[in-house]
Amino acid sequence: MVSPGSVRPRSWVEADVLADGVLELSAGAGGVLFRCGPAGTAMWIALCQHGWLAEGAVGALSAIWTADRENIRAELDIWIGELWDAGLLEQR
């Protein structure tokens with residue numbers, strides 16, 4: 001399983017957050033490659049703010065969402081796996 005801290009976004013990935021909270025990840029002019037809702041957007045932002053290190057992102061998200069850290073970590077790991085499978089991440 002791929003985990004935060006061992007990956008980072010590929011250099012060509014561009015991220016846009018739309019007014020409705022949807023995150024679009026694209027290759028610029030190449031079109032949208034991945035789209036997710038506000039929860040995914042929050043996870044992307046938290047990971048970016050914490051250098052793609054899980055513990056910092058999980059701490060920030062659990063404080064904001066007042067949710068259990070273990071549940072957030074599990075959701076984060078699943079979401080990272082989806083980004084990996086979509087080809088948007090690379091090994092550090």
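Just above, that's the structure.
In this text the structure is predicted, and so the values were computed from the model without any measurement.

## Considerations on the nonpolar core
Among soluble globular proteins, nonpolar side chains are generally buried collectively.
Part 1 of the reasoning: Ranked by size, the top nonpolar core spans 22 residues in total, and within it Leu-25, Trp-44, Trp-52, Leu-76, Trp-79, Ile-80 and Leu-83 carry the most contacts.
Part 2 of the reasoning: Every element with two or more residues in this core is listed here: β3 (23-26), β4 (32-36), α1 (38-49), α2 (54-65) and α3 (69-85).
Part 3 of the reasoning: The greatest single-element share of this core, amounting to 5 residues, is contributed by α3.
Part 4 of the reasoning: When neighbours within four sequence positions are excluded, Trp-79 is seen to be in contact with Leu-23, Phe-34, Cys-36, Gly-40, Met-43, Trp-44 and Leu-47.

## Observations regarding the side chain of Ser-26
Part 1 of the reasoning: Note that Ser-26 resides in strand β3.
Part 2 of the reasoning: Other than its neighbours up to four places away in sequence, Ser-26 contacts Trp-12, Val-13, Glu-14, Gly-31, Val-32 and Leu-33.

## Remarks on the pairing of β4
Part 1 of the reasoning: Pairing between β3 and β4: 4 bridges, direction antiparallel. The partner of Ser-26 across the bridge, within β4, is Val-32.

## As for the environment of Trp-12
Part 1 of the reasoning: Note on placement: Trp-12 falls in the loop between β1 (7-9) and β2 (14-17).
Part 2 of the reasoning: With residues near it in sequence (within four places) discarded, Trp-12 still touches Ser-26, Ala-27, Leu-33, Gly-87 and Leu-88.

Rules and cut-offs
Residues numbered from 1 in each chain as written. Predicted model: local features only at pLDDT ≥ 70, side-chain atom pairs only at ≥ 80, totals over all residues. Heavy atoms only, no water. Core = buried A, V, L, I, M, F, W, Y, C linked by side-chain atoms within 4.5 Å. Buried < 20%, exposed > 50% of the residue type's maximum accessible area, 1.4 Å probe, protein only. Helix = DSSP H or I, 4+ residues; strand = E, 2+ residues; numbered from the N terminus. Contact = heavy atoms within 4.5 Å. Pairing = 2+ DSSP bridges.

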